[in-house]
Amino acid sequence: MKTIYKSILGVSAAAMVVGATVAPALVSAWGNAGANRRTYTIAEINSGALGDNIVFNSIKDTDANLSQKDKEAGVIMPLTDERNFVGARDKATGNNGKNNVWDGNQITVEEGKTYIVRLYVHNNNPKGEAATAENVKVSFQIPEMISATPRINGYIDAPGTAISSYWDYVDFKSADGRAFYLDYIEGSALIENNHYGAGGGKTVSDAIVSNNGVKASYKANGDGKVPGCYGYASYYTIEVKPVFESTSVQKTVRKEGEKDWKESVDAKVGDKVEFQIHYKNLNASKVDNVMIRDSLPNNLKYVQGSAKLLNASNPNGLAYNDPTAAAVNVGSYKVNGDAYLRFTAEVVDKDLACNKTNQLVNWAKVSVNGFALQDSAQVYVAKTCDEPTPTPTPTPTPTPTPTPDNPGETPTTIVNTGAGTIVTGAIGAGSVVTALGYYLASRKKLM
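What you see is a predicted model, and the numbers here were worked out from it, not measured in a lab.

### Looking at the confidence of the model for the protein
Per-residue confidence for the protein gives a mean pLDDT of 81, with 78% of residues at or over 70. A low-confidence stretch, residues 4-27 (pLDDT under 50), is modelled with 93 contacts involving residues beyond four sequence positions or located in other chains.

Have a look at this one:
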């Protein structure tokens, strides 16, 4: 149940300098704001299908449909489906120009290697500077969470155009399924296009990996202006390294008085349960200032003074501060060094659901070297409530009906006064049933 978080900071034109062959995509990874995004062929673009409208990355076609003039000039299509505009490749393969092969949806990574992630930006309107998009921004979103398949998203924001926002992604995975995070290499962001091709690209701000992103432009001067046509298309690239899991944390629980630690226990209101957080340093060097924080859910109450730290320096346990009130510093640890932080909680009834088994999830987070690892344990509490006894509805006594011969007296026989009159001896007896609704009160409580 571990979760880890990492803190990080006319279409005709000359051939693009930077190669962009994309490996075939198995699953669509792209998207855009607003309505469904139409795709265009080169012939449709050249015939004026866009008019004065500006759209980005919406051409879907093949090199075979280029004009003979373009083919003779050596023009190639950077992408056969521009919606799949984010890709990645192993930096070690070298820069092979137009023959670079980019994995458009998923790439398998190896420890110690560096990977280049590319975002392609193309204003599809063929009118060049007469169809310049303004205030265009580009950005990459690098995940903060360590996982088996971290995902990098790429964004193009083009306010004031036909579609205001575009996005695409590429997933990373390891061959053996190990978890890792992607570490951005500061200063690696580049823009490459016909203007900067000969010089190997132009460095852009590291803000490209922030929520704000950077303003896109053909000459990288930060003006946000992107003219139309292939000749003004650009690639933005960043470099990342996979960093594999280097910390271990395990959260377990047991009922007070029991010996074995488990992932979960059954308990009832008034029981006391003990939680244990086990941290181990899997780094290649010593780590300092390991912080532990615990989040108790509703219906579990910390028992004051119960926290205890056990490690190599304190094999018999050291009384410690309450980790549920604030993060506590449990010290420094050598390679493979570990620590156990234990405390007790009491099961209480603040809002336990009736006639249900309530799942109380207790999360612990260990923070070290700029990232954090979480794990959880569960306490299951069944609560039975008495159903209310239905109150019977009494049968009303019929109101006496006076007769002409005996006014004010109750007749001993029901008198039929005509076909249009129906007298009933009783008003429908029944019971009122109250429907009781229940809900599970306990939810995962993340820190």
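Now that the structure has been shown, we can carry on.
### Observations concerning the environment of Ile152
Note on placement: Ile152 falls in strand S10 (residues 151-157). Measuring from C-alpha to C-alpha, the distance between Ile152 and Val209 comes to 9.9 Å, with 57 residues separating the pair along the chain. Excluding residues within four positions of it along the chain, Ile152 makes contact with Val86, Val117, Phe140, Gln141, Ile142, Pro143, Asp168, Tyr169, Val170, Phe172, Leu182 and Val240.

### Considering the state of the cysteines
Enumeration according to the criterion identifies one disulfide in this entry. Between Cys354 and Cys385 runs a disulfide, and the two sulfur atoms are separated by 1.9 Å. Measuring the twist about the S-S bond at about -80°, one finds the Cys354-Cys385 disulfide to be left-handed. Residue Cys354 is located in the loop between strand S25 (338-347) and strand S26 (356-368), and its partner Cys385 is located in the segment after strand S27 (371-383); the two are separated by 31 residues in the primary sequence. A residue is classified by how much of its surface remains accessible, and Cys354, at 21% relative accessible area, is partly exposed.

### So, the environment of Phe371
Along the chain, Phe371 falls in strand S27. The exposure class of Phe371 is buried, given its relative accessible area of 7%.

### What to know about unusual backbone geometry
At Asn135, a residue that is not glycine, the phi angle is positive and equals roughly 60°. Phi at Asn336 takes a positive value of approximately 70°, unusual for a residue other than glycine. You can see Asn336 is positioned in the loop between strand S24 (328-329) and S25.

### Some remarks on the pattern of salt bridges
Applying the stated criterion across every chain yields a total of 15 salt bridges. A salt bridge links Arg254 to Glu274, with the nearest nitrogen and oxygen atoms 2.7 Å apart. Of this pair, Arg254 sits in strand S17 (residues 247-255) while Glu274 sits in strand S19 (residues 272-281); the two residues are 20 residues apart in sequence, bridging distant segments of the chain. Each member of the pair Arg254 and Glu274 is classed as buried.

### Structural notes on the nonpolar core
As a rule of thumb, nonpolar side chains are buried together in soluble globular proteins. Counting 53 residues, the largest nonpolar core has Val117, Phe172, Ile208, Tyr236 and Ile238 as the members making the most contacts within it. Leave out the neighbours within four places in its chain, and Ile238 touches Tyr115, Ile116, Val117, Phe140, Ile142, Tyr184, Ser188, Ala189, Ile208 and Val209. Judged by nonpolar contacts, the second largest core, of 33 residues, contains Val265, Ala345, Ala364 and Leu373.

### Overview of the side chain of Arg83
By the element assignment, Arg83 lies in the loop between helix H2 (68-72) and strand S4 (86-90). The buried category is assigned to Arg83, whose relative accessible area is 12%. In this structure the side chain of Arg83 is engaged in a polar contact, spanning 2.9 Å, whose partner is the side chain of Asp81. Beyond its immediate stretch of four places on either side in the chain, Arg83 contacts Trp30, Arg37, Thr39, Asn57, Lys60 and Asp168.

### Things to note about the pairing of strand S7 (residues 115-121)
When you tally the buried positions in S7, you get seven out of seven residues, the bulk of the element. Because side chains alternate across S7, one face comprises the buried residues Tyr115, Val117, Leu119 and Val121, and the other comprises Ile116, Arg118 and Tyr120, equally buried. As paired elements, S4 and S7 share five bridges and run antiparallel to each other. Paired with Arg89 across the bridge in S7 is Ile116. When S7 meets strand S16 (residues 234-244), the two strands line up antiparallel, connected through seven bridges. The residue bridging Tyr115 from the neighbouring strand is Val240, located in S16.

### Section: the packing of aromatic side chains
One pass over the structure, following the stated rule, counts seven aromatic pairs. Measuring from ring centre to ring centre gives 5.2 Å for Tyr120 and Tyr235, while their planes differ by 40°; the resulting arrangement is tilted. One end of the pair, Tyr120, is in strand S7; the other, Tyr235, is in strand S16, with 115 residues separating them in the sequence. Residue class for Tyr120 comes out buried when judged on its relative accessible area of 0%. Considering the side-chain rings of Tyr218 and Tyr232, the 5.0 Å spacing of their centres and the 70° angle between planes classify their relative orientation as edge-to-face. In this pair, Tyr218 sits in the loop between strand S15 (214-215) and S16 while Tyr232 sits in the loop between S15 and S16, placing the two residues 14 residues apart along the sequence. Taken together through their ring pairs, the aromatic side chains of Phe275, Tyr302 and Phe343 make up a single cluster. Positioned above the aromatic ring of Trp102, the side-chain terminus of Arg118 is 5.2 Å from the ring centre.

Quick notes on the rules
Residues numbered from 1 in each chain as written. Predicted model: local features only at pLDDT ≥ 70, side-chain atom pairs only at ≥ 80, totals over all residues. Heavy atoms only, no water. pLDDT = per-residue confidence, 0-100. Contact = heavy atoms within 4.5 Å. Helix = DSSP H or I, 4+ residues; strand = E, 2+ residues; numbered from the N terminus. Disulfide = S-S within 2.5 Å. Buried < 20%, exposed > 50% of the residue type's maximum accessible area, 1.4 Å probe, protein only. Salt bridge = Lys/Arg side-chain N within 4 Å of Asp/Glu carboxyl O. Core = buried A, V, L, I, M, F, W, Y, C linked by side-chain atoms within 4.5 Å. Polar contact = N/O pair within 3.5 Å; in protein donor to acceptor, adjacent residues only side chain to side chain. Pairing = 2+ DSSP bridges. Phe/Tyr/Trp six-rings, centres within 6.5 Å; stacked < 30°, edge-to-face > 60°. Lys NZ or Arg CZ within 6 Å of the ring centre and 35° of its normal.

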